[in-house]
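Working through the structure, step by step
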Amino acid sequence: MEQTLVIIKPDGVQRGLIGPTITRLERRGLRLVALKLMQISKELASRHYAIHQGKPFYEPLLEYVTSGPVAVMVWEAPNAISIVRKTLGATRPAEAEPGTIRGDFGLEVGRNIVHGSDGPESAAFEIDLFFEKDELVNWQRSLDRWIFE
Ligand code: IDP
Ligand code: MG
């Protein structure tokens, strides 16, 4: 089953959007396999966002994601990576569709509430960055047969 990393960024945590984000992903049918509240260090943030190094928004981005607690999760489902990205909405909330997290709760790209891995390599890299192997819980939901074909 495909796995993806989701981070509710400091603005999402401060604004009480942990619950709504988890609710939407649960209702969509994804299965939660890991979850923690933490504060990201500058070092971890720079590894997570290494591909953006040198871009004009890189330093403000590190300030932003390290500015308070975040909720970090791993979710799984068939096609979890693209389904989560669609549920979160476009990177720029002004362009995100209503019904998405960013489209319903966000305005500005520098306060876009959530992160979702953008592909299989980044998902594997990011999950490994934030979680030990034994923190990922392998479990079955009794509802799975009504959600997974
Ligand atoms: P993503 O989070 O949707 O994958 P990326 O392009 O990978 O979007 O950018 C990573 C994060 O960097 C964004 O979620 C956002 O927080 C921030 N960011 C991206 N572009 C800008 C920008 O133009 N101004 C300010 N922040 C930006
Ligand atoms: Mg990205």
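Right above here is the structure, for reference.
1. Structural notes on the overall build of the chain
In terms of regular secondary structure, the chain is built from eight helices and four strands. Along the chain, helices (α) and strands (β) appear in the sequence β-α-α-β-α-α-β-α-α-β-α-α when read from the amino end. Since a compact globule built from 149 residues should have a radius of gyration of about 15 Å, the 15 Å found for the chain is in line with a globular shape. Dimensions of the chain, computed from C-alpha atoms along their principal axes, come out at roughly 45 × 35 × 25 Å. Residue pairs in contact within the chain that sit at least 24 positions apart in sequence constitute 77% of those at least 6 positions apart. If you sum the accessible surface of the chain, you get close to 8,300 Å²; carbon and sulfur atoms cover 52% of it. Distance from the positive charge centre (18 side chains) to the negative charge centre (20 side chains) of the chain: 4 Å.

2. A look at the environment of alanine 45
Within the element layout of this structure, alanine 45 appears in helix H3 (residues 42-48). Alanine 45 gets classed as buried once you look at its relative accessible area, which sits at 1%. Here the alpha-carbon distance between alanine 45 and leucine 61, two residues 16 residues apart in the chain, equals 8.8 Å.

3. Some points on the pairing of strand E3 (residues 70-77)
Across the eight residues of E3, eight count as buried, placing the element largely inside the fold. Bridge count for strand E1 (residues 2-8) against E3 is seven bridges, and the pairing is antiparallel. By the bridge assignment, isoleucine 7 is partnered in E3 with valine 72. Inspection of the sheet shows strand E2 (residues 31-38) paired to E3 by seven bridges, in the antiparallel sense.

Conventions and cut-offs
Residue indices follow the written sequence of each chain, beginning from 1 at its first position. Written order decides the labels, with chains lettered from A and ligands numbered from 1. Under the rules for a predicted model, residues below a pLDDT of 70 receive no local features and side-chain atom pairs below 80 are neither given nor counted, while totals for whole chains, interfaces and linings still include all residues. Side-chain figures throughout are based on the complete set of non-hydrogen atoms in the structure, without hydrogens or water. A helix here means a DSSP run of H or I that spans at least four residues, while a strand means a run of E at least two residues long, and both kinds are numbered starting from the N terminus. For this measure, only C-alpha atoms enter the radius of gyration; the expected value for a globule follows 2.2 Å times N^0.38, where N is the number of residues. We call two residues contacting when some pair of their heavy atoms lies within 4.5 Å. For every accessible area listed, the method is Shrake-Rupley and the probe measures 1.4 Å; residues are considered covered only by the protein chains on display. Neither His nor the chain termini are counted; the positive set is Lys and Arg, and the negative set is Asp and Glu. Every charge is mapped to an atom, namely NZ of Lys, CZ of Arg, CG of Asp or CD of Glu. Summary of the burial criterion: residues with accessible area below 20% of their type's maximum are buried, those above 50% are exposed, and those between are partly exposed, where the area comes from a 1.4 Å probe applied to protein chains only. A strand pair is defined by DSSP finding two or more bridges across the two strands.

That's the geometry; what it means functionally is another story.
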